[in-house]
Protein chains: 4
Amino acid sequence: MEKAILIVQCKDQKGIVAKVSEFLYKYKGNILEIDQHVDEEIGMFFMRASWELESFAIQKEQIAKTFEMEVAQFLNMKFDLYFNSPKPRMAIFVSKLSHCLFDILSRYYSGQFQVEIPLVISNHLDLKPVVTSFRIPFYHLPVDKSNKMAVEKEQIALLKQHKVDFIVLARYMQILSGNFINEFPNRIINIHHSFLPAFVGAKPYHAAYERGVKIIGATAHYVTDELDAGPIIEQEVARVRHHNSPSDLVQIGQDVEKVVLSKAIKYHLESKILAYRNKTVIFY
Amino acid sequence: MEKAILIVQCKDQKGIVAKVSEFLYKYKGNILEIDQHVDEEIGMFFMRASWELESFAIQKEQIAKTFEMEVAQFLNMKFDLYFNSPKPRMAIFVSKLSHCLFDILSRYYSGQFQVEIPLVISNHLDLKPVVTSFRIPFYHLPVDKSNKMAVEKEQIALLKQHKVDFIVLARYMQILSGNFINEFPNRIINIHHSFLPAFVGAKPYHAAYERGVKIIGATAHYVTDELDAGPIIEQEVARVRHHNSPSDLVQIGQDVEKVVLSKAIKYHLESKILAYRNKTVIFY
Amino acid sequence: MEKAILIVQCKDQKGIVAKVSEFLYKYKGNILEIDQHVDEEIGMFFMRASWELESFAIQKEQIAKTFEMEVAQFLNMKFDLYFNSPKPRMAIFVSKLSHCLFDILSRYYSGQFQVEIPLVISNHLDLKPVVTSFRIPFYHLPVDKSNKMAVEKEQIALLKQHKVDFIVLARYMQILSGNFINEFPNRIINIHHSFLPAFVGAKPYHAAYERGVKIIGATAHYVTDELDAGPIIEQEVARVRHHNSPSDLVQIGQDVEKVVLSKAIKYHLESKILAYRNKTVIFY
Amino acid sequence: MEKAILIVQCKDQKGIVAKVSEFLYKYKGNILEIDQHVDEEIGMFFMRASWELESFAIQKEQIAKTFEMEVAQFLNMKFDLYFNSPKPRMAIFVSKLSHCLFDILSRYYSGQFQVEIPLVISNHLDLKPVVTSFRIPFYHLPVDKSNKMAVEKEQIALLKQHKVDFIVLARYMQILSGNFINEFPNRIINIHHSFLPAFVGAKPYHAAYERGVKIIGATAHYVTDELDAGPIIEQEVARVRHHNSPSDLVQIGQDVEKVVLSKAIKYHLESKILAYRNKTVIFY
């Protein structure tokens with residue numbers, strides 16, 4: 001079923017739900033989901049609504065314009081409009097670790113992820129056989145200090161050529177430049193292997209071991225200029241014990257990472273995420 | 001802040017959200033929360049909306065009638081209207097076990113539960129000192145096979161005299177008659193000490209031990225005529241190991257029970273539960 | 001590091017730990033792990049100990065005999081002796097669903113599972129490309145009512161020819177005969193897609209939906225003659241809400257299934273499971 | 001049943017389990033539990049064993065000395081010996097928040113905690129009625145900057161007078177001096193209202209809200225000189241959503257706090273905790 005998803009934000013005020021739902025009703029939209037959120041600390045209103053396109057009286061291409069003219073401009077409202085078709089196009093960046101990649105590709109294979117994967121980019125060759133066994137093009141772009149900017153340029157060119165909508169860093173071990181990130185605002189999902197904001201940095205499981213924590217975690221977030229500090233999409237945890245070595249923690253953690261990353265991808269694919277003020281609203 | 005909560009159900013059709021939100025907007029209601037659910041298997045629509053009463057242009061007493069006339073009748077809609085003030089009045093039934101009772105009373109004490117507790121009824125005297133230390137009237141009504149009907153009559157009389165809105169069975173070890181239950185449809189909350197539908201009956205932790213399960217649970221549900229089979233409000237689980245004896249399971253289970261029961265009470269107090277077809281919708 | 005793992009069971013009595021650990025010390029075994037369990041209801045003692053083989057003064061092949069003569073016979077003790085090398089040989093049975101298979105194979109690929117997978121057997125061809133992309137032999141043995149016995153014979157022959165130590169049913173949709181099961185006692189691991197003992201049978205997620213449960217689960221267990229009733233190895237759960245359709249539950253459930261099954265396989269690979277009286281002790 | 005609990009630590013070496021268990025066997029000790037742990041990073045061995053005292057051939061008062069002479073001195077071993085009788089004596093420090101106090105007292109009331117509570121100390125009067133309803137002496141010792149040292153002296157005197165074994169800070173809002181802490185090394189349990197090491201400090205739930213985390217937590221730890229940095233005993237988490245306000249987080253967090261603190265108390269009461277190098281081993 002083809003559907004449209006509308007996510008709006010504006011100053012909180014009376015009548016917003018009425019005006020948006022009246023608009024959808026007027027044009028014969030059958031509402032499938034509606035969810036709203038008010039951030040009372042800042043007086044902002046957020047809403048997500050989805051409806052069937054088949055019976056809708058406005059052409060797909062005209063919806064945004066019509067909604068702007070009939071509703072949004074009067075409420076000083078910002079909005080995004082999404083459609084579940086055609087499928088979003090996702091690029092995956094990997095290095096050497098395979099657990100997140102396999103989890104994503106197995107969901108792609110089984111049809112759980114309604115997505116196109118036009119390419120996988122890696123700075124290493126290790127995972128090329130995995131990627132090609134799924135008949136997905138694999139680009140090997142080694143990175144070192146000297147060529148980082150040039151490689152990023154090449155990456156961006158590939159992403160544009162393949163009309164990529166968003167990027168998943170599936171344990172890609174490189175830090176992206178601000179320049180790269182700004183090309184894809186709130187469209188780069190990273191998995192950090194700790195329960196942020198604890199244990200920021202490169203070796204969080206070892207830090208967790210040193211601190212003797214009883215629970216470890218992983219965090220999927222949108223990438224922003226500030227390292228490991230972007231809006232958190234999803235987090236999950238697992239219990240550990242004193243007898244778990246650092247390498248046990250790595251393994252237990254990887255199970256958490258792949259689950260969290262796949263959940264974040266799913267939310268993104270279903271247009272359920274609104275990022276604002278370095279946080280996310282997850283509508284469901 | 002005084003607020004009204006409306007829960008509606010009707011056949012799924014276009015325009016329901018628009019008509020309800022238009023009604024609230026027309027009378028200057030500031031919507032606080034709105035959540036809806038469509039059961040596609042049976043084509044039913046459910047919605048919960050809450051709004052501030054202060055600025056609302058309809059008198060509290062007239063809201064139901066006005067909504068019926070202006071909205072509900074045209075959509076063949078059933079609805080319930082709640083207010084967060086005055087506080088709901090809750091009776092607690094206990095036997096000898098104190099863990100759920102303490103958890104409820106400590107939330108009442110700290111103001112986490114916005115509720116009046118006009119009385120506690122028990123078939124034993126054990127918990128009388130606990131109850132009276134919270135300055136709540138305690139009624140001791142011993143039950144045996146011969147007097148069950150008479151006692152239930154007395155209980156019902158007490159509940160009516162104290163204008164009780166709903167009843168919590170906090171490990172009350174007696175089975176209520178259909179007659180009693182029908183006096184309070186979807187207004188009796190029970191905590192069952194297992195992860196229903198597994199291990200129905202009186203000694204679920206021993207059954208769980210025998211079966212060697214690795215997880216045990218507890219279930220809060222509305223009481224219906226069929227034992228342990230009413231609409232489930234909340235469930236929670238805890239992990240156990242082979243070295244846990246049946247009495248360990250009892251203790252681990254009690255921690256789960258009190259958490260689950262208190263969550264169910266909170267949902268009920270906040271008018272977040274809609275029960276239909278032996279299930280619940282929990283709006284949040 | 002090569003190591004030996006000893007799992008013993010006998011009537012509970014004084015001095016068992018002393019005698020076993022004295023035996024290991026006498027022959028210069030460096031104990032790596034020791035864990036014990038007493039089932040007080042039946043007065044039985046269980047223990048698992050692992051130690052390094054390198055410095056051990058008894059030849060690998062003589063350990064069992066020596067332990068029998070010097071310790072076990074005097075305590076009327078049953079024991080099993082395992083070595084972590086050579087790697088155990090695991091067969092996987094699948095039908096059409098890929099989620100568990102991918103999870104297992106990705107752990108095999110990354111070296112997380114120290115196991116050989118000499119073959120995968122399926123009654124359908126769907127997953128053949130997946131299996132062969134991992135360079136594992138795939139056997140297609142279609143089953144129907146008429147040929148079931150003959151196919152099982154063929155399966156057993158293949159398993160013996162490939163020197164298989166244990167079998168994983170990764171959502172293999174066929175019921176194995178008692179005859180087949182008895183060939184591999186406590187060596188067939190099945191994943192059942194529900195939180196057993198609730199929702200036994202073929203469509204548990206639909207049953208869970210009908211009952212309106214708030215938590216669903218999955219159970220890995222050894223296969224016994226009685227369907228879905230063998231010793232439980234591991235269980236896990238996930239929270240669901242009223243808005244989850246039966247097909248949502250299937251998807252959420254599959255995430256749980258693959259995690260649970262992989263944990264059970266890991267316990268089995270590390271010789272951490274003792275099955276007795278239709279339960280398991282999981283040493284760790 | 002009276003039992004002894006021995007917790008030992010020494011450099012890892014062959015034969016430790018054998019020598020300890022041989023000692024227990026020689027004197028007719030029936031081992032109830034035995035658990036060990038090797039920290040391979042530092043080459044240290046830790047073990048906990050418990051056994052019945054009734055049949056044990058050494059007088060309670062002579063056990064430590066005998067064990068020292070016959071075992072510990074040869075292995076350069078440090079050890080602690082505990083008995084489950086008489087019951088440990090626990091002091092509780094509170095301020096104004098009641099949730100942890102109620103949880104502890106309800107477990108004390110029901111007999112789940114095998115403990116004496118000779119006194120509760122508070123810097124406020126708010127919880128006095130709660131404490132006295134359990135017939136426990138309540139000491140009101142207001143603290144401000146000017147009298148802190150004097151009050152601590154008074155507290156220590158009271159604790160000694162009441163022969164207190166360990167102290168629980170049940171959301172006691174004062175920071176104890178190093179001097180006080182050193183009087184009770186690894187015998188002061190604090191509950192911190194965050195998932196340490198994240199959100200150290202006074203208002204962690206507000207910090208968690210600002211950061212937009214999806215999971216919050218609580219941490220029970222032994223108090224050391226460095227604030228919020230002592231050995232972690234237990235942690236637990238709860239899931240939160242964007243629609244939860246800071247005060248929601250406080251309430252959800254309090255449910256986690258009371259569970260975590262009570263678990264930590266239970267581990268301490270059962271002598272299951274060994275603290276070393278700012279971590280804990282939790283034997284079970």
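Residues numbered from 1 in each chain as written. Chains lettered and ligands numbered in written order. Predicted model: local features only at pLDDT ≥ 70, side-chain atom pairs only at ≥ 80, totals over all residues. Heavy atoms only, no water.

## Brief notes about the interface of chain A and chain D
Argument step 1. Contact with chain A, which involves 37 residues of that partner, is made by 37 residues of chain D.
Argument step 2. If you sort the residues of chain A by the area they bury against chain D, R211, K214 and H242 of chain A come out on top, with a joint share of 22%.
Argument step 3. The interface formed by chain A and chain D holds four salt bridges in total.
Argument step 4. Among the ionic pairs, E234 of chain D bridges to R239 of chain A, the shortest N-O distance being 3.0 Å.
Argument step 5. Between the two partners, chain A and chain D, sit 21 residue pairs in polar contact (both at pLDDT 80 or more).
Argument step 6. Elements with a contribution of two residues or more to the side of chain A that touches chain D: strand 2 (31-39), helix 7 (204-211), strand 11 (232-239) and strand 13 (279-282) of chain A.
Argument step 7. The greatest single-element share of the side of chain A that touches chain D, amounting to seven residues, is contributed by strand 11 of chain A.
Argument step 8. Residues that form the side of chain A that touches chain D fall into these classes: 17 nonpolar, eight polar and twelve charged. (Contact = heavy atoms within 4.5 Å. Buried area = accessible area lost by both parts, 1.4 Å probe. Salt bridge = Lys/Arg side-chain N within 4 Å of Asp/Glu carboxyl O. Polar contact = N/O pair within 3.5 Å; in protein donor to acceptor, adjacent residues only side chain to side chain. Helix = DSSP H or I, 4+ residues; strand = E, 2+ residues; numbered from the N terminus. Nonpolar A, V, L, I, M, F, W, Y, C, P; charged D, E, K, R; others polar.)

## Here's the deal with the pattern of salt bridges
Argument step 1. In the structure shown here, the tally under the stated rule is 48 salt bridges over all chains.
Argument step 2. With a closest N to O distance of 2.7 Å, E257 of chain A and R171 of chain A form a salt bridge. A residue pair is termed long-range when its members are at least 10 positions apart, and E257 of chain A in helix 8 (residues 246-269) and R171 of chain A in the loop between strand 8 (166-169) and helix 6 (178-183) qualify at 86 residues.
Argument step 3. Overall, E257 of chain A belongs to the buried group, its relative accessible area being 0%.
Argument step 4. Where E270 of chain C meets K266 of chain C, a salt bridge forms, and the shortest distance between an N and an O atom there is 3.1 Å. (Buried < 20%, exposed > 50% of the residue type's maximum accessible area, 1.4 Å probe, protein only.)

## Focus: the interface of chain B and chain D
Argument step 1. With 20 residues of chain B at the interface, the matching set in chain D holds 20 residues.
Argument step 2. For the chain B face of the interface with chain D, the top three residues by lost area are F102, Y109 and Q251 of chain B, together amounting to 30%.
Argument step 3. For the pair chain B and chain D, the interface holds four salt bridges.
Argument step 4. Between K258 of chain D and D103 of chain B there is a salt bridge whose closest N-O contact spans 2.5 Å.
Argument step 5. Here chain B and chain D share six residue pairs in polar contact (both at pLDDT 80 or more) between them.
Argument step 6. For the side of chain B that touches chain D, the element with the highest residue contribution is helix 3 (residues 99-110) of chain B, accounting for six residues.
Argument step 7. Tallied by class, residues from the side of chain B that touches chain D come to six nonpolar, seven polar and seven charged.

## Structural notes on the packing of helix 7 (residues 204-211) of chain B against helix 8 (residues 246-269) of chain B
Residue and element names in this part refer to chain B.
Argument step 1. Two numbers describe how helix 7 lies on helix 8: the axes approach to 9 Å, and their chain directions differ by 120°. In terms of their interaxial angle, helix 7 and helix 8 are classed as oblique. The two elements helix 7 and helix 8 meet at a crossing, and its hand is right-handed. Between helix 7 and helix 8, the contacting residues are Y205, H206, A208 and Y209 on the first element and P246, L249, V250, G253, Q254 and E257 on the second.
Argument step 2. Along the lines of polarity and charge, the residues of the contact of helix 7 with helix 8 split into six nonpolar, three polar and one charged. (Axes fitted to C-alpha atoms, helices over the stretch in contact; angles between N-to-C directions. Parallel < 35°, antiparallel > 145°, perpendicular 65-115°, else oblique. Left-handed = near helix turned anticlockwise from the far one by under 90°.)

## What to know about helix 7 of chain B
Argument step 1. When we look at burial in helix 7 of chain B, the residues that qualify are P204, Y205, A208, Y209 and R211 of chain B. An end-on view of helix 7 of chain B places all buried positions within 165° of arc, on one side of the element.
Argument step 2. At its buried positions, helix 7 of chain B is contacted by strand 9 (188-192), strand 10 (215-222) and helix 8 of chain B together with strand 2 (31-39), strand 11 (232-239) and strand 13 (279-282) of chain C.
Argument step 3. G212 of chain B, located one to two residues past helix 7 of chain B, shows a positive phi value of around 70°. (Arc of directions from axis to C-beta.)

## Concerning the domain arrangement of chain A
Residues and elements named next belong to chain A.
Argument step 1. Examined at the domain level, chain A breaks down into domain 1 (3-83) and domain 2 (89-282).
Argument step 2. Using only C-alpha atoms to locate each centre, domain 1 and domain 2 end up separated by 31 Å.
Argument step 3. On the domain 2 side, the residues contacting the ten residues of domain 1 number eight residues.
Argument step 4. For the domain 1 and domain 2 pair, buried surface summed over both sides reaches about 820 Å², with 61% attributable to carbon and sulfur atoms.
Argument step 5. Joining domain 1 to domain 2, the criterion identifies zero salt bridges.
Argument step 6. Here domain 1 and domain 2 share three residue pairs in polar contact (both at pLDDT 80 or more) between them.
Argument step 7. Counting only elements with at least two residues in the side of domain 1 that touches domain 2, the list comes to strand 1 (3-11), strand 2 and strand 3 (44-52).
Argument step 8. Classifying every residue of the side of domain 1 that touches domain 2 by side-chain character gives five nonpolar, two polar and three charged. (Domains from an automatic or database assignment.)

## Quick notes on the relation of the copies chain A and chain D
The operation linking the two copies of the chain is a rotation about an axis combined with a translation along the axis.
Argument step 1. When chain A is brought onto chain D, the operation consists of a screw motion whose angular component is 180° and whose axial shift is 0.0 Å, with 0.0 Å RMSD remaining. Here the two chains are linked by the operation of a two-fold rotation axis. Scanning chain A for the C-alpha nearest the rotation axis identifies A198 of chain A, at a separation of 2.4 Å. (Least-squares fit on C-alpha atoms with pLDDT ≥ 70 in both.)

## As for the sheet that holds strand 8 of chain A
All names here are of chain A.
Argument step 1. Strand order in the open sheet formed by seven strands is 7-6-5-8-9-10-11, with mixed pairing between adjacent strands. For this open sheet the edge positions go to strand 7 (138-140) and strand 11, each flanked by a neighbour on one side alone. Put simply, the sheet's adjacent strands are angled 20° from each other on average, direction ignored.
Argument step 2. The pairing of strand 5 (residues 89-94) with strand 8 spans four bridges and is parallel. The partner of A91 across the bridge, within strand 8, is I167.
Argument step 3. Packed onto the sheet, helix 5 (residues 148-161) meets strand 5, strand 6 (116-122), strand 7 and strand 8 and runs at close to 170° relative to strand 6. (Pairing = 2+ DSSP bridges.)

## Considering the side chain of Q9 of chain B
Argument step 1. Structurally, the position occupied by Q9 of chain B is in strand 1 (residues 3-11).
Argument step 2. A relative accessible area of 15% places Q9 of chain B in the buried class.

## Let's talk about the environment of Q36 of chain D
Argument step 1. Secondary-structure assignment places Q36 of chain D in strand 2 (residues 31-39).
Argument step 2. Since its relative accessible area comes to 8%, Q36 of chain D is described here as buried.
Argument step 3. Here the alpha-carbon distance between Q36 of chain D and F46 of chain D, two residues ten residues apart in the chain, equals 5.5 Å.
Argument step 4. What Q36 of chain D contacts, discounting residues up to four positions off in sequence, is L32, E33 and I34 of chain C together with F45, F46, M47 and F283 of chain D.
Argument step 5. Within the local environment of Q36 of chain D, its side chain forms a polar contact with the backbone nitrogen of I34 of chain C, the two atoms lying 3.4 Å apart.

## Brief notes about unusual backbone geometry
Argument step 1. The amide bond that connects S85 of chain A to the next residue, P86 of chain A, takes the cis arrangement and shows omega of 0°.
Argument step 2. Relative to the elements of secondary structure, P86 of chain A occurs in the loop between strand 4 (78-83) and strand 5.
Argument step 3. Unusually for a residue other than glycine, D228 of chain B sits at a positive phi of about 60°.
Argument step 4. By secondary structure assignment, the location of D228 of chain B is in the loop between strand 10 and strand 11 (232-239).
Argument step 5. With relative accessibility at 10%, the residue D228 of chain B sits in the buried group.
Argument step 6. Positive phi, close to 50°, is recorded for N186 of chain C, a residue that is not glycine.

## Regarding the sheet that holds strand 5 (residues 89-94) of chain B
Residues and elements named next belong to chain B.
Argument step 1. Taking strand neighbours across the sheet as the criterion, the seven strands line up as 7-6-5-8-9-10-11 in an open arrangement whose pairing is mixed. In the strand order of this sheet, the two ends are held by strand 7 (138-140) and strand 11, each with one partner. Ignoring which end each strand starts from, the neighbouring axes of this sheet average 20° apart.
Argument step 2. The sheet contact formed by strand 5 and strand 6 (residues 116-122) spans five bridges and is parallel. Each bridged residue has a counterpart across the sheet, and for R89 the counterpart in strand 6 is E116.

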